[in-house]
Structure formats: structure tokens, C-alpha cells
Amino acid sequence: MYSIEEIKELIQAVDESSVGELEIRNDMKEKVTIRKEAAMRPVAQQTAAPSPQPAAQPAPQQSETKKEETPEDSGQKETDSNYYEITSPMVGTFYRSPSPEAGAYVEKGAAIKPNTIVCIVEAMKLMNELEAEVTGEIAEILVEDGELVEYGQPLFRVIPS
Amino acid sequence: MNKNRLLQLLMAHRDRPVSGQEISGELQVSRTAVWKQIEELRKNGYEIEAASRRGYRLVRFPDRVGTEEIMLHLTTERLGRSIIYNDTVTSTQEIVREQAEKGSGEGLIAVANEQVQGRGRLGRSWQSSPEQGIWMSLLLRPQVPPRYAPQLTLLSAVALAEALDSYLPEPTAIKWPNDIRIHKKKLAGILTEMQADMDEVQTVIVGMGINVNQADGDFTGELAEKAASIRQYAGARQSRPQIIASILKSYESWYNEYLTNGFGAVKAAWSAKTDTIGSFIQVETSRQTVEGTALCITDEGALQVQKTDGSIQTVHSGEILDGPPPE
């Protein structure tokens with residue numbers, strides 16, 4: 001059986017490499033799979049359907065890592081149309097309401113101001129109340145309540161006014 | 001006259017009585033004024049012995065978490081230097097949030113004797129009965145990218161655990177990400193709320209609930225199985241203002257370390273103090289229950305769990321379920 005130490009070493013090795021996923025087996029046929037999170041991948045990839053990355057394709061992985069070096073640093077990106085996107089500032093769980101019993105912060109069609117709280121993103125029991133930062137109307141809610149969201153992932157599409 | 005200076009003077013001479021004359025000389029006030037202030041302190045619960053001709057001696061502190069009492073013990077530079085005390089509040093988080101919106105600076109704390117709407121994660125209630133515990137919120141304005149801010153919740157756990165350990169006969173353990181437990185019972189909980197956009201953190205409000213002086217019968221229902229107080233293990237009532245001062249001291253030192261050198265030392269201290277890592281656990285996330293062995297935390301503070309099929313899953317948010325692991 002793999003020891004915790006061995007696994008930790010493997011995680012670290014994968015972490016520091018450009019490999020997206022590593023799968024190894026020992027003579028006992030025991031399998032360890034280490035898969036990097038989507039957060040490690042470039043922003044452009046994050047909206048794509050979550051198809052599993054092939055095990056070892058170093059070349060494309062490297063070029064992707066390069067793309068990551070120019071992060072998009074704006075919370076509201078203008079898409080090709082006239083929409084703004086409110087994106088997640090961190091990895092975590094997306095919540096539409098302050099508690100399961102409470103109503104949603106915003107619904108589709110809601111008028112928002114820059115300081116309107118639109119959702120919570122939670123990680124490690126830190127609740128991030130996300131402000132809209134833009135005046136307009138919620139055109140689309142892109143993520144479902146309780147879904148895990150990535151850094152930079154679009155959460156809302158807004159028609160700015 | 002400054003009541004705090006009188007208190008400090010009495011504190012400094014707890015081994016012997018201080019005469020009214022000595023006090024009036026030291027504080028540059030009349031002896032009548034001294035007497036009035038002593039009466040005032042007594043009304044606030046300070047037990048002050050007065051021996052005729054010999055003077056006053058502070059015998060016992062009240063169990064009060066007011067501004068003066070905390071200030072008396074406080075040794076920090078920034079944290080807790082501004083205190084808002086209320087006897088009863090809905091939630092100390094709300095008090096700090098209101099102040100933060102008005103522009104209050106880092107280090108402000110709100111303390112209450114009782115919270116009537118103490119909150120946990122996702123609107124869960126937290127029993128914050130009067131007198132017995134510490135219900136406190138701390139305002140921070142860290143200059144870190146928002147995506148790293150969740151590390152602060154692990155920092156809070158380390159700072160809190162370290163401070164509470166000095167009041168206990170045996171050490172506490174941290175349950176991922178930031179519950180403080182003793183013998184698997186919850187001694188303290190932390191709820192952190194952040195206002196941030198993509199680039200910048202505006203405020204982080206750290207809410208702490210610490211069970212201090214509850215006696216055996218005070219935890220009712222399912223809490224009897226799940227909650228514990230410092231008193232139950234220390235064997236005696238503890239001074240809440242003193243514990244608050246210890247927490248803030250410990251917090252300030254870890255926070256400075258974090259802002260200067262990053263998460264490394266915090267991560268190491270957290271890993272040394274947790275009983276989650278290495279255990280077989282079940283974590284309830286919003287969509288599924290993940291079961292497996294907790295391996296380590298990542299540089300973000302997320303938990304890595306190795307499932308029985310060998311694969312590893314990183315958990316960013318979820319609740320580790322209590323109860324015995326399946327054999």
C-alpha cells in the first residue's frame with residue numbers, strides 16, 4: 001500500500017510539474033490517481049465542459065501554463081456582445097442565498113447596483129459576499145446553487161446600464 | 001478621573017492594600033473622587049477590599065467582558081485597541097460590519113455578553129448564552145489577493161487554539177478547517193465573512209464563539225454530546241477578558257507572520273495541531289459526501305482526501321461529519 005508520505009511526495013511532484021494528471025499502479029495493482037484541479041488551468045479552459053484531461057500530454061499543457069501567466073484581472077469582463085460577466089474571485093462553493101432557508105440574493109432580471117450582493121462564494125468556511133461592481137440588470141445566472149466554481153469562472157451575465 | 005488608571009494601579013498592587021492617599025497622589029485627584037470611583041468599580045462587579053487606614057485592595061475581577069476589563073489585560077499593538085462592547089446584540093458580526101461600512105480600521109473588535117442571533121456557517125445558529133462564553137468579532141483589512149483569503153480561516157484556528165491551550169490541562173486539536181475541539185467536542189467555532197471583489201479585499205470579519213464557563217448541565221440536547229467548555233477541563237471558571245486578550249495577542253503575532261512571510265508557517269502550525277490529517281473521514285459537501293483518508297492541506301488550505309478507489313479529491317468547502325469511521 002502507498003504510504004501517506006509517498007502520496008504527499010507524488011502530489012508535490014505533480015504540483016510542480018506541467019503534468020495535469022498522473023496515474024500509477026504498484027505490483028499489488030493498487031492505483032493512485034492524482035489530478036490537478038481546473039484552477040490550475042488557464043481561464044479560457046474553465047468555461048468548457050469538464051472533460052477529463054488525458055494523462056500525459058506535456059506539450060499542450062505547457063502552452064496552457066504560459067497562457068495562465070497573463071491572468072485576467074478584471075471582475076467584469078466585456079464579452080463580444082454588450083454583456084458584462086461577474087466572475088468568481090476564488091475557488092469555492094457558489095451559494096445564491098445567505099442560508100438554505102433564505103431567498104436568493106438576486107434573480108434573473110433583477111436590477112443591480114455596484115454594491116448589490118449577488119451571491120456568496122465559500123471556501124474553508126470563509127464566506128465571500130460578492131458585490132456586483134456594476135449597475136445594470138442580471139441577464140443570466142450561469143452557475144447553480146451549491147456548485148463548485150473556479151477562480152475567474154463567470155457567475156452572472158449582466159446587461160449594463 | 002480615568003477609571004482604567006485606577007484599575008491598573010490596583011492591579012499592580014494586588015499583594016497589598018493601596019491607601020486612598022497614595023491613589024489620589026498618583027492619579028492627581030481628590031480622595032473623594034477616589035472613593036467615588038471605587039464605588040463605581042464595585043457596582044461593575046469588582047470586589048475591592050477596604051481596610052480602614054490601610055487602603056483598598058482588588059480581590060476579584062468581575063466576570064465581565066467590557067472594554068475596561070479587556071483593555072486591562074491587552075498587550076497587543078493593533079488588534080483590539082478599539083473595542084465595542086454591548087451587553088446583548090443580535091450578532092457581533094453585524095456590529096463590526098456596520099462599523100466597517102463607516103470606515104473603521106483594522107483591529108476593531110465587537111464583544112457581547114450575549115448574542116441572541118449567534119450565527120454559524122450558512123445561517124446555522126450558534127448557542128451564545130449570557131455570561132458563559134466569548135462572543136467576539138474582529139475586523140481585518142488584509143492586503144492580499146481575495147483568492148488567498150481563505151487561508152485566514154486556518155490562521156484563525158491556529159491563533160485561537162494556541163491561546164486556548166494555555167488555559168487547559170491538555171492541548172486542543174483543530175478539525176478542518178477551523179473548529180477547535182477537545183476530546184472531539186467543540187470548544188470554539190469560527191465564522192469568517194469577507195467583502196471582496198476580484199482584485200481587492202475590503203473587509204474580513206472573523207467571528208469567534210468560545211465556550212468558556214459553561215458547567216456540565218449547561219449544554220442541553222445534542223450539544224451535551226458535541227460541545228465543551230474550558231471550565232469543564234480546567235476545573236474552574238476562567239476570566240473571559242483575560243482569554244480575549246490572550247487570543248488577540250496570539251492572533252496579532254500569527255497575522256503579522258502571515259502578512260510578512262506568507263502562509264508557510266501557518267500551514268505548518270495548522271498541520272501540527274490538527275487531528276483531521278491521517279484520519280478516515282466523511283466530508284459532506286454541497287453536492288456529495290466524500291469519504292476517505294485526509295492526506296494534507298494544500299497551499300490554499302483545501303483538504304486533500306484519498307478515496308477508497310485511490311483517487312484524490314480536493315475539498316474546498318464542506319463539513320466533516322462526526323461519528324465513528326466505518327471499520
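Residues numbered from 1 in each chain as written. Chains lettered and ligands numbered in written order. Predicted model: local features only at pLDDT ≥ 70, side-chain atom pairs only at ≥ 80, totals over all residues. Heavy atoms only, no water.

Details of unusual backbone geometry
Here is step 1: Looking along the chain, the bond that leaves B:Trp176 and enters B:Pro177 is cis, with omega of -5°.
Here is step 2: With respect to the secondary-structure elements, B:Pro177 resides in the loop between β6 (173-175) and β7 (179-182).
Here is step 3: Phi at A:Lys125 is positive, roughly 60°, even though this residue is not glycine.
Here is step 4: Positionally, A:Lys125 belongs in the loop between β7 (117-123) and β8 (126-131). (Helix = DSSP H or I, 4+ residues; strand = E, 2+ residues; numbered from the N terminus.)

Comments concerning the environment of B:Glu170
All names here are of chain B.
Here is step 1: In this fold, Glu170 is placed in the loop between α6 (151-165) and β6.
Here is step 2: As a C-alpha pair, Glu170 and Ala234 span 64 residues in sequence and 9.0 Å in three-dimensional space.
Here is step 3: The contacts of Glu170, once residues within four sequence positions are left out, are Ile182, His183 and Tyr233.
Here is step 4: A distance of 2.9 Å separates polar atoms of two side chains, one belonging to Glu170 and the other to His183. (Contact = heavy atoms within 4.5 Å. Polar contact = N/O pair within 3.5 Å; in protein donor to acceptor, adjacent residues only side chain to side chain.)

Some remarks on the interface of chain A and chain B
Interface size is commonly expressed as the accessible surface area that is lost when the partners come together.
Here is step 1: Residue-level contacts link 40 residues of chain A with 43 residues of chain B.
Here is step 2: The interface formed by chain A and chain B holds three salt bridges in total.
Here is step 3: Applying the counting criterion to the chain A and chain B interface returns 11 residue pairs in polar contact (both at pLDDT 80 or more).
Here is step 4: Within the residue set of the side of chain A that touches chain B, elements represented by two or more residues are α1 (4-15), β2 (31-35), β5 (92-95), β7 and β8 of chain A.
Here is step 5: Ranked by residue count, the leading element in the side of chain A that touches chain B is β8(A), at six residues.
Here is step 6: Taken together, the residues of the side of chain A that touches chain B sort by class into 18 nonpolar, 10 polar and 12 charged.
Here is step 7: Here β8(A) pairs with strand β8 (residues 185-196) of chain B via five bridges, running parallel. Within the sheet, the bridge partner assigned to A:Met127 lies in β8(B) and is B:Glu193. (Salt bridge = Lys/Arg side-chain N within 4 Å of Asp/Glu carboxyl O. Nonpolar A, V, L, I, M, F, W, Y, C, P; charged D, E, K, R; others polar. Pairing = 2+ DSSP bridges.)

Focus: the pattern of salt bridges
Here is step 1: One pass over the full model with this rule turns up 19 salt bridges over all chains.
Here is step 2: A salt bridge links B:Asp179 to A:Lys125; its shortest N-O distance comes to 3.4 Å. Residue B:Asp179 is found in strand β7, and its partner A:Lys125 is found in the loop between β7 and β8; the two belong to separate chains. Judged on exposure class, the residue B:Asp179 and its partner A:Lys125 are both buried.
Here is step 3: Note that B:Glu193 and B:Arg97 form a salt bridge whose closest N and O atoms lie 3.6 Å from each other. One end of the pair, B:Glu193, is in strand β8; the other, B:Arg97, is in helix α5 (residues 92-101), with 96 residues separating them in the sequence. For the pair B:Glu193 and B:Arg97, one class covers both residues: buried.
Here is step 4: Three or more residues joined by partner-sharing salt bridges are found here, namely A:Lys125, B:Asp179, B:Lys186 and B:Glu319. (Buried < 20%, exposed > 50% of the residue type's maximum accessible area, 1.4 Å probe, protein only.)

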